[in-house]
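# Chains, contacts and geometry: an overview
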Amino acid sequence: MFQYRVENVSRRGVLQGLGITAGLVLAVPVMSRRGMAATGMATYKTGADKMPHGTVNDPRAFVAIAPDGIVTIIASRSEMGTGVRTSLPMIVADEMNADWGRVQVKQADADEAKYGNQDTDGSRSTRHFLIPMRQVGAAARMMLEAAAAKQWGVPVSEVKADNHEVIHTPTGRKLGYGDLATAAAAEPVPDPSQLQMKDPKDFRYIGKGKVSIVDLHDITVGKAMYGIDTRLPGMKYAVIARPPVVGGKVVSFDPTDAMKVSGVEKVMEVKGWPWPSKFQPLGGVAVIARNTGAAIKGRDALKIVWDDGANAHYDSAVYRRELEEAARKPGLVVRNNGDVDAAMKSADKIVVGEYYLPHFAHAPMEPPVATANVADGKAEIWAPVQSPQGTLDDAAKTLGLKPEDVTVHVTLLGGGFGRKSKCDYALEAAIISQAIGAPVRVQWTREDDIQHDFYHTVSAERIEAGLDKNGKVIAWRHRSVAPTIMSTFKAGANHEAPFELGMGLVDLPFDIQNIRCENPAAEAHTRIGWFRSVSNIPHAFAVQTMVSEIAHATGRDPKDMLLELIGPARLVDVGPSVKDLWDYGEPISSYPIDAGRLRKVVELVAEKGEWGRQVPKGHGLGIAVHRSFVSYVATIVEVAVDSKGKMTIPRVDTAIDCGIYVNPERIQSQIEGAAIMGLSLAKYGEITFKHGRAMQKNFDTFQVGRMSDSPMVTNVHIMPATWAVPPSGVGEPGVPPFAPALCNAIFAATGKRIRHLPIGKQLEV
Amino acid sequence: MITLIVNGKEHNWDGDPSLPLLWYLRDEVGLTGTKFGCGHAFCGACTVHLDGVAVRSCSTSMHEAADRHITTIEGLDPAGNHPVQKAWREVNVPQCGYCQSGQIMQASALIRQNPHPTTEEIRETMAGNICRCGCYQRIEAAVRLAATGA
């Protein structure tokens, strides 16, 4: 329908070689229309309109049809492994009755005014874009039908679009989408209120799980293009020596030996920003060379004197004791129901659990990397970023350019996990390119990645549960102490923000009369950032371990204990003491805290995962459930611990209720992967600091799960859903229940209670 | 001057002989299918074949590659239809896909050496290749499929 430059397209294998560059039909200036409700389908409010630039449902922004019939659909969200680059275009294709075999997907540049929000995080893509993408497809289909009806001189009621062609029903005449491309482009875009949506029973792709990801073939032959794969004529390769302590800076440096390294062309200082500085670069000394290997060797030869700055004292072992002490004292009350103090006094028994989770690093397999070409007052950036528009805006500000003079091309992301929501590496490339007047690719080594991350927070969690004489929990006090992500944006921020408190602390879904949640202050001494699942990880670990501890203390089955604490099916009201529930930015009317759904995933996983089955000696079963990103996930882990303390995982079962879903095959892969990420952080994940410096450097000291650690089998059970249940998150919610389910299983197997992560050597005998 | 054969084609390098083969392949030749993951042979993302054996190109110098035959993911099969590649697609292994070149090169070398690996042998050999997305269950299944057709 609408013209643009064709580049970086991926299509399914059979279509390799078909060009759409010739004979494109029409260029239409797009004034994108905002997402609005349409007729003929269940709609619901989401938090999408609160996101910058909201959503767009204008087919002119997302769909182009070439005369040869190839339909090009724009993927506006970043692909980091969730499958979103396939799933969202697939929604458009299904709703417009396009044949997926004749669809190609093109990645959008940063342009939120045109496409709506592109910030690919928070497990938001499907829940915010399912309806707008259906509207895009429906509008495109209706424009094709209108064009065909006009061409035949028949009422539009007599034509229908089906499988890439429009049919005149009474006569059986047909016109292909390619034949109609030009005429359809001239049709007015239907008003959203007039859109006729498909009956979901007619969907060919949505909900079926039969479509492979669009990049599958390219990935298996090495042709998929990640951030690291951008190559430009005359491009230079750079690495940067960054201050080893956040907030530090270069005092002086000697480039002499670096310049002697074969292939090194230039050494220059890169400006840093005073801490905290959001996503601005840390600064340091860059080595620019003819290839990355030479740049790394040159950097090794640099002599730099650093001023470590105010965080030089950061020692994570000392800090841990501070956090744990803080968790033993009252703190800022962030939720209060009933009278916890009085209930604790009347309790027959109090169970106390103190938990600790360290910092960890994202460590995506593609370390941060970006390419920039800044010349003639314009900047072009190629980068694997989760936040294309944020990258563009920050680059414009950093370079002193107008936003319209900056272009950000989004490559595939070799993993993201939240790291690539922070665009410091793209800004570094832009700064260096501007300085040297040549295109440059800045490569982070693994050491750079692990030592200069925006780390997952570190957390002390303390829960007291007061039990009456029948073993019923009558009081619950949960203190969470953790440096906040807001500390990266604002000096002095020392309490968890609503979006952190709302991740498993104040949204506790338990049926307990007296609940108090507190958040003592914690000052940050390094860069804290979003990590897949964010604060849900420590909060869920504490809560779900505590459930198992209470079950043990009262001689109950952990699953029964969990269901008793969740209580009857109901919509949970946390009460007026919670000033900002947040609820993942969603309207609570669409996404209530539904104890019934929480119960059902527990029941589903218990049934499918055969909770209570006999397991061999040395094996144990553990269970945990958690609502996050407005989805409900329950996991059972079977662990085996041998006489030396070596741990293996014979089986994992996870049940997820994510509402109506688009691509169940990718849900399965996300949940399989979440088990590995959960295992990695439970077993190994720890970044420690001494003298302000991260002590781990690479995958030898910061270990992650390997195939030899991985579960022998991970079964995924997806809760069936109707279109009455809005879609919710998938990318992140699988992670939080895993570690507590594993550690509860370890307790069942060995009697050893894991209260701090990583497990590390705690099981060794 | 170092001479080496990459995917059947002769290449010459007169630069630093200590340069890791990885960066030569990626930055000098432009074969970007081989990925950088750690630089110290911990993760396997850069796996290529050196005279048919899987090696980590990040820790193989140009000097060590001299006069040897190198196969990268681009050269594994002219049409991308090596049984391991086909199995990878059949099982829908990748998530982000970044580590998969290295995984496929490791798996194809394993099957060449040991056409019928046991589950234990697959898990031990492939343990050298990290996938942070956690595709291990499918990698294991795909290696088995490629080896046995099941």
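The rules behind these values
- Counting restarts for each chain, with residues numbered from 1 along the sequence as it is written.
- To read the labels, note that chains go from A and ligands from 1, taken in the order they are written.
- Selection of residues for local features in this predicted model requires a pLDDT of at least 70, selection of side-chain atom pairs for listing and counting requires 80 or more, and totals for whole chains, interfaces and linings are taken over all residues.
- Excluding hydrogens and water, the side-chain figures rest on all heavy atoms present in the structure.
- Every helix listed is a DSSP run of H or I at least four residues long, and every strand listed is a run of E at least two residues long, numbered separately from the N terminus.
- Buried means the residue's accessible area, taken with a 1.4 Å probe over protein chains only, is under 20% of the maximum for its type, while exposed means over 50%, and partly exposed covers the values in between.
- The charge count treats Lys and Arg as positive and Asp and Glu as negative. His and the chain ends do not count.
- The term salt bridge refers to a pairing of a side-chain nitrogen on Lys or Arg with a carboxyl oxygen on Asp or Glu at a separation within 4 Å.
- A 3.5 Å cut-off defines polar contacts: any pair of N or O atoms within that distance qualifies, except that in protein one atom must be a possible hydrogen donor and the other a possible acceptor, and neighbouring residues in sequence count only when both atoms are side-chain atoms.
- Two residues form a contact once any of their heavy atoms are found within 4.5 Å.
- Domain ranges listed in this record stem from an automatic or a database domain assignment.
- When two parts are put together, the accessible area they lose, computed with a 1.4 Å probe and summed over both, is reported as buried area.
- Any residue outside Ala, Val, Leu, Ile, Met, Phe, Trp, Tyr, Cys, Pro, Asp, Glu, Lys and Arg is labelled polar, Gly included; the first ten of those are nonpolar and the last four are charged.
- Pairs of strands are assigned from DSSP output, requiring at least two bridges between the strands.
- Note on method: axes are straight lines fitted to C-alpha atoms, helices fitted across the in-contact stretch only, with angles between N-to-C directions ranging 0 to 180 degrees.
- We define a nonpolar core as any set of buried Ala, Val, Leu, Ile, Met, Phe, Trp, Tyr and Cys residues linked to one another through side-chain atoms lying within 4.5 Å.
- Each pair of aromatic rings taken from Phe, Tyr and Trp, with Trp reduced to its six-membered ring, is defined by centres within 6.5 Å and is described as stacked if the planes are under 30 degrees apart, edge-to-face if over 60, and tilted in the remaining cases.
- Two limits define a charge over a ring: the Lys NZ or Arg CZ must be within 6 Å of the ring centre, and within 35 degrees of the ring normal.
- The disulfide criterion used throughout: a pair of cysteine sulfur atoms within 2.5 Å.

## Quick look at the side chain of glutamate 732 of chain A
Residue and element names in this part refer to chain A. Take glutamate 732: it is sitting in the loop between strand E27 (714–718) and helix H19 (738–750). The side chain of glutamate 732 is buried and forms no salt bridge, while arginine 532, the nearest opposite charge, is found at 6.7 Å. Among the polar contacts made by the side chain of glutamate 732, one reaches the side chain of serine 123 at a distance of 2.8 Å. When sequence neighbours within four positions are dropped, the list of residues in contact with glutamate 732 reads Asp121, Gly122, Ser123, Arg532, Ser533, Val534 and Phe629.

## Focus: the domain arrangement of chain A
For an interface, size is often stated in terms of accessible area lost upon the parts coming together. All names here are of chain A. Domain assignment breaks chain A into domain 1 (9–221), domain 2 (227–310 + 368–443) and domain 3 (316–360 + 454–750). For the domain 2 and domain 3 pair, buried surface summed over both sides reaches about 1400 Å², with 63% attributable to carbon and sulfur atoms. Linking domain 2 to domain 3 there are 2 salt bridges. Between arginine 693 and aspartate 308 there is a salt bridge; the shortest N-O distance is 2.9 Å. Here domain 2 and domain 3 share 5 residue pairs in polar contact (both at pLDDT 80 or more) between them. Residue composition of the side of domain 2 that touches domain 3, by class: 8 nonpolar, 3 polar and 5 charged.

## Re the sheet that holds E27 of chain A
Residue and element names in this part refer to chain A. Reading across the sheet, the 4 strands line up as E22-E23-E24-E27 and stay open at both edges, with mixed pairing between neighbours. Each edge of the open sheet is held by one strand with a lone partner, namely strand E22 (619–628) and E27. Taking each pair of neighbouring strands and ignoring which way they run, the sheet shows an average axis angle of 15 degrees. Pairing between strand E24 (residues 647–657) and E27: 5 bridges, direction parallel. Among the inter-strand pairings, threonine 654 is bridged to a residue of E27, identified as valine 716. Helix H18 (residues 664–683) rests against E24 and E27 of the sheet, and its axis sits at about 130 degrees to E27.

## With respect to the nonpolar core
Of all hydrophobic cores here, the largest spans 174 residues; its most connected members are Trp476, Phe510, Leu742, Leu757 and Ile759 of chain A together with Ile139 of chain B. No other element matches the 8 residues that helix H15 (residues 536–554) of chain A contributes to this core. One finds Val71, Trp100, Ala147 and Ala184 of chain A within the second-largest nonpolar core, a separate group that totals 61 residues.

## With respect to the sheet that holds strand E7 (residues 173–176) of chain A
Residue and element names in this part refer to chain A. Taken together, the 3 strands give an open sheet; going across it, the order is E5-E6-E7, and neighbouring strands pair in antiparallel fashion. With one partner strand each, in any of the chains shown, strand E5 (159–162) and E7 form the two edges of the open sheet. The sheet shows a mean angle of 25 degrees between the axes of neighbouring strands, taken without regard to direction. Both strand E6 (residues 165–168) and E7 contribute to a ladder of 4 bridges, which runs antiparallel. Each bridged residue has a counterpart across the sheet, and for isoleucine 167 the counterpart in E7 is lysine 174.

## Focus: the packing of aromatic side chains
Residues and elements named next belong to chain A. All told, the structure shown has 20 aromatic pairs over all chains when counted by the stated rule. Seen in terms of ring centroids, tyrosine 455 and phenylalanine 689 are 5.3 Å apart; in terms of plane orientation they differ by 90 degrees. Their pairing is edge-to-face. With tyrosine 455 in the loop between helix H13 (446–451) and strand E19 (459–467) and phenylalanine 689 in strand E25 (residues 689–690), this pair connects stretches of sequence that are 234 residues apart. Each member of the aromatic cluster is reached from another via a ring pair, and the members are Phe279, Phe454, Phe489, Phe499, Trp530, Trp582, Tyr584 and Phe629. Taking the ring centre of tryptophan 723 as reference, the NZ or CZ of arginine 134 above it sits at 4.7 Å. The ring of phenylalanine 747 has arginine 753 sitting right over it, with the charged end atom 3.9 Å from the ring centre.

## With respect to the interface of chain A and chain B
Contact residues are listed per partner, giving 67 residues for chain A and 53 residues for chain B. Both faces considered, chain A and chain B share a buried interface measuring about 4900 Å² in area, 54% of it formed by carbon and sulfur atoms. Interface area lost by chain A to chain B is led by Thr220, Met365 and Met707 of chain A, which between them contribute 17%. Connecting chain A to chain B are 7 salt bridges. Its salt-bridge partner being lysine 35 of chain B, residue aspartate 229 of chain A comes within 2.8 Å of it at the nearest N-O pair. Connecting chain A to chain B are 37 residue pairs in polar contact (both at pLDDT 80 or more). Of all elements in the fold, only helix H6 (216–221), helix H8 (292–300), strand E18 (440–443), H13 and H18 of chain A reach the threshold of two or more residues within the side of chain A that touches chain B. It is H18 of chain A that contributes the most residues to the side of chain A that touches chain B, 10 residues altogether. When the residues that make up the side of chain A that touches chain B are grouped by side-chain class, the tally is 29 nonpolar, 24 polar and 14 charged.

## Some thoughts on the pattern of salt bridges
For side chains of opposite charge, pairing can occur when their charged atoms come near one another. All names here are of chain A. Here the structure, examined in full by the defined rule, presents 56 salt bridges over all chains. For aspartate 394, the salt bridge goes to lysine 278, with nearest N and O atoms at 3.0 Å. On the criterion of sequence distance, the pair formed by aspartate 394 in helix H11 (residues 388–399) and lysine 278 in the loop between strand E10 (264–270) and strand E11 (284–289) is long-range, its members being 116 residues apart. The class for lysine 278 is partly exposed, based on a relative accessible area of 32%.

## What to know about unusual backbone geometry
With the exception of glycine, the majority of residues adopt a negative phi angle, and the majority of peptide bonds are in the trans configuration. All names here are of chain A. Here the amide bond leading from tryptophan 275 into proline 276 is cis, since omega sits at -5 degrees, within 30 degrees of zero. In the segment running from leucine 757 into proline 758, the intervening peptide bond is cis, with an omega of 0 degrees. Here proline 758 lies in the segment after H19.

## A short note on the state of the cysteines
All names here are of chain B. For the structure shown, the criterion picks out 0 disulfides over all chains. The thiol of cysteine 43 is not disulfide-bonded; the next cysteine sulfur, from cysteine 38, is found 3.9 Å away. In this structure cysteine 96 is not part of a disulfide, and its nearest cysteine sulfur, from cysteine 133, lies 3.7 Å away.

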